[in-house]
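An overview of the molecular structure
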Amino acid sequence: MFLFFFIIFILGLAIGSFLNVIIFRLESGEKIINDRSKCMNCRHVLEWHDLIPVLSFVFLKGRCRYCGNKISWQYPFVEIATGILFIIVSSIQYPVSSIFYLLFWCYITSALIVIFVYDFKHYIIPDKVIFPAIIVTLGFNLFNDFVTRYTLHVTNNNSQFLNFLFSAILAGGFFYAIFVITKGKGMGGGDVKLGFLIGLILGWPLVLISLFLSFIAGSVAGMFLMLIGKKKMKSVIPFGPFLVLGTFIALFWGGGIIKWYMNMII
Ligand SMILES: [Zn+2]
């Protein structure tokens, strides 16, 4: 079991390193599969030992070996976050998971990490990431619905797929309403698409938990930034990162949160 999670973690570090490449190529408009990785400053081609996740950053003390230019904290942060999140998503599935489910959850985790970083840096949720994620999750939900109906012979009429679709329309519609009411100042079009994706990932009632948590986290962060004078009342804070955080928390601990809340009110 330890070995399994160790391998998952190493895999997460490697995928995280690839996610950094994807983020950089989305920023620069280069093709995703391109030639060798280069230093962003001096364009020196990086050797294999410059590209080891986390370790290279630590040994090079966060600087390029060739020009001494500072390497962004984004690189080790994304690698470690991917490693840790991969462990958590696979521990939810462990030990009943099939490779298929593991692949799906690792893919969704990766997509959400890219959205988190990109929206944080550029206030944009890239269509190249969100649309494939929506299509894959729709397909995954349809497949799951099919499996529970026809192989496990579950005969109730409540379609899981409709639950997820309903949650997606609800969350997406909610952000679309804010988008229209605030004339695009409160939320962007990207948040509408992200809301839709999150509904598809979480379903009802977990989608509520994720929206609730992200609004709380977003307002606390907004007030904090205003207090320390980094942001003014009117300036925009990207909401995508909070939605992604809320989604991970709802995914991992949502069931526990619902139980705890039910105990509180009864
Ligand atoms: Zn360099």
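Report on the accompanying structure. (Residues numbered from 1 in each chain as written. Predicted model: local features only at pLDDT ≥ 70, side-chain atom pairs only at ≥ 80, totals over all residues. Heavy atoms only, no water.)

Observations regarding the packing of helix α5 (residues 127-150) against helix α6 (residues 160-181)
Our working rule: Axis definition: a line fitted to C-alpha atoms, over the contacting stretch in the case of helices. Angles run 0 to 180 degrees between N-to-C directions. Think of it this way: any DSSP run of H or I at least four residues long counts as a helix, any run of E at least two long counts as a strand, and we number them from the N terminus. Every angle not falling under 35 degrees, over 145, or within 65 to 115 is termed oblique; those three ranges are roughly parallel, roughly antiparallel and roughly perpendicular. Contact criterion: two residues are considered in contact whenever any of their non-hydrogen atoms come within 4.5 Å of each other. Amino acids are sorted into nonpolar (Ala, Val, Leu, Ile, Met, Phe, Trp, Tyr, Cys and Pro), charged (Asp, Glu, Lys and Arg) and polar (every other residue, Gly among them).
Look at α5 against α6: their axes get within 8 Å of each other, and the N-to-C directions meet at 155°. Here α5 lies roughly antiparallel to α6, going by the angle between them. Contacts between α5 and α6 pair Leu-138, Asn-141, Leu-142 and Asp-145 from the former with Gln-160, Phe-161, Phe-164 and Leu-165 from the latter. Class assignment of the residues belonging to the contact of α5 with α6 gives a composition of five nonpolar, two polar and one charged.

Section: a nonpolar patch on the surface
Let me state the cut-off plainly: The patches described consist of residues with a relative accessible area above 30% and no salt bridge, like charges being joined within 9 Å and nonpolar side chains (Val, Leu, Ile, Met, Phe, Trp, Tyr) within 5 Å. Each accessible area is a Shrake-Rupley result for a 1.4 Å probe, and residues are judged covered by the shown protein chains and nothing else. Think of a salt bridge as a Lys or Arg side-chain nitrogen and an Asp or Glu carboxyl oxygen that are within 4 Å of each other. Buried means the residue's accessible area, taken with a 1.4 Å probe over protein chains only, is under 20% of the maximum for its type, while exposed means over 50%, and partly exposed covers the values in between.
Taken together, the side chains of Trp-260, Tyr-261, Met-262, Met-264, Ile-265 and Ile-266 make up a nonpolar region of the molecular surface, amounting to roughly 760 Å² of accessible area. Structurally, Trp-260 can be placed in helix α9 (residues 240-265). Residue classification places Trp-260 among the exposed positions, given a relative accessible area of 54%.

Notes on the nonpolar core
Put simply, the rule reads: Take the buried residues of types Ala, Val, Leu, Ile, Met, Phe, Trp, Tyr and Cys, join any two whose side-chain atoms come within 4.5 Å, and each joined set is a nonpolar core. Domain delimitation follows an automatic or database domain assignment.
Of all hydrophobic cores here, the largest spans 52 residues; its most connected members are Trp-105, Leu-112, Ile-115, Phe-175, Leu-194, Leu-197 and Leu-202. Taken together, the elements giving at least two residues each to this core come down to α1 (2-28), α3 (74-93), α4 (99-122), α5, α6, α7 (189-202), α8 (206-227) and α9. Among the elements that take part in this core, α4 stands out by supplying 13 residues, more than any other. Residues lining this core come from more than one domain, with at least three contributed by each of domain 1 (1-97) and domain 2 (98-266). When neighbours within four sequence positions are excluded, Leu-202 is seen to be in contact with Phe-164, Val-207, Ser-210, Thr-247, Ala-250 and Leu-251.

A look at the environment of Phe-6
Following the sequence through the fold, Phe-6 ends up in helix α1. Phe-6 sits 67 residues away from Trp-73 along the chain, and the two C-alpha atoms are 23 Å apart.

Comments concerning the coordination of the zinc ion
To be explicit about the condition: Donor atoms (N, O, S) are those found within 2.8 Å of the metal centre, with the cutoff raised to 3.2 Å for Na, K and Ca; water is not part of the atom list, so apparent gaps in a site can occur. Square planar and octahedral sites, with four and six donors, are those where opposite donors lie more than 155 degrees apart and all other angles lie between 65 and 115, tetrahedral sites have four donors with every angle between 85 and 135 degrees, and the rest are irregular.
The coordination sphere of the zinc ion contains the protein donors Cys-39 (SG), Cys-42 (SG), Cys-64 (SG) and Cys-67 (SG), at a distance range of 2.3 to 2.4 Å. The site at the zinc ion holds four donor atoms, and with the angles between them running 103 to 118°, its shape is tetrahedral. Counting residues between consecutive donors of the zinc ion along the chain gives the motif C-x2-C-x21-C-x2-C. Judged by its relative accessible area of 8%, Cys-39 falls in the buried class. Using a relative accessible area of 32% as the deciding quantity, one classes Cys-42 as partly exposed.

A look at α6
Counted only if it meets this: Multiplying 1.5 Å by the helix residue count minus one yields the expected span of that helix. Note that the arc is computed from the directions linking the helix axis to the C-beta atoms.
The end-to-end C-alpha separation of α6 is 32 Å, in line with the 32 Å expected for 22 residues at 1.5 Å each. Those residues of α6 lying buried are Phe-161, Phe-164, Ser-167, Ala-168, Ala-171, Gly-172, Phe-175 and Ile-178. For α6, the arc enclosing every buried residue in end-on projection is 140°, short of the 170-degree limit, so these residues lie on one face. Opposite the buried face of α6, by more than 90 degrees, sit the exposed residues Leu-162, Ile-169 and Ile-181. For α6, the secondary structure elements touched by its buried residues are α5, α7, α8 and α9.

Remarks on the packing of α6 against α8
Where α6 meets α8, the axes come as close as 10 Å, and the angle between the chain directions of the two elements is 30°. The angle between the axes of α6 and α8 places the two elements in the roughly parallel class. On the side of α6, the interface is formed by Ser-167, Ala-171, Phe-174, Phe-175 and Ile-178, while α8 contributes Val-207, Leu-211 and Phe-215. Classifying every residue of the contact of α6 with α8 by side-chain character gives seven nonpolar, one polar and no charged.

A closer look at the packing of aromatic side chains
Stated formally: Think of it this way: a Phe, Tyr or Trp ring, Trp meaning its six-membered ring, pairs with another when their centres are within 6.5 Å, and the plane angle makes it stacked under 30 degrees, edge-to-face over 60, tilted otherwise.
One pass over the full model with this rule turns up 21 aromatic pairs. Ring geometry for Trp-105 against Phe-140: centres 6.2 Å apart, planes inclined by 80°, an arrangement best described as edge-to-face. With a gap of 35 residues between them, Trp-105 in helix α4 and Phe-140 in helix α5 connect regions that are remote in the sequence. No difference in accessibility class separates Trp-105 from Phe-140, as the two residues are buried. With centroids separated by 6.2 Å and ring planes inclined at 15°, the aromatic side chains of Phe-175 and Phe-215 adopt a geometry described as stacked. Here Phe-175, found in helix α6, pairs with Phe-215, found in helix α8; they are 40 residues apart in sequence, far enough to count as distant. Take Phe-175: its relative accessible area is 0%, and that puts it in the buried class. Chaining the aromatic ring pairs together yields one cluster made of Phe-100, Tyr-101, Phe-104, Trp-105, Phe-140 and Phe-143.

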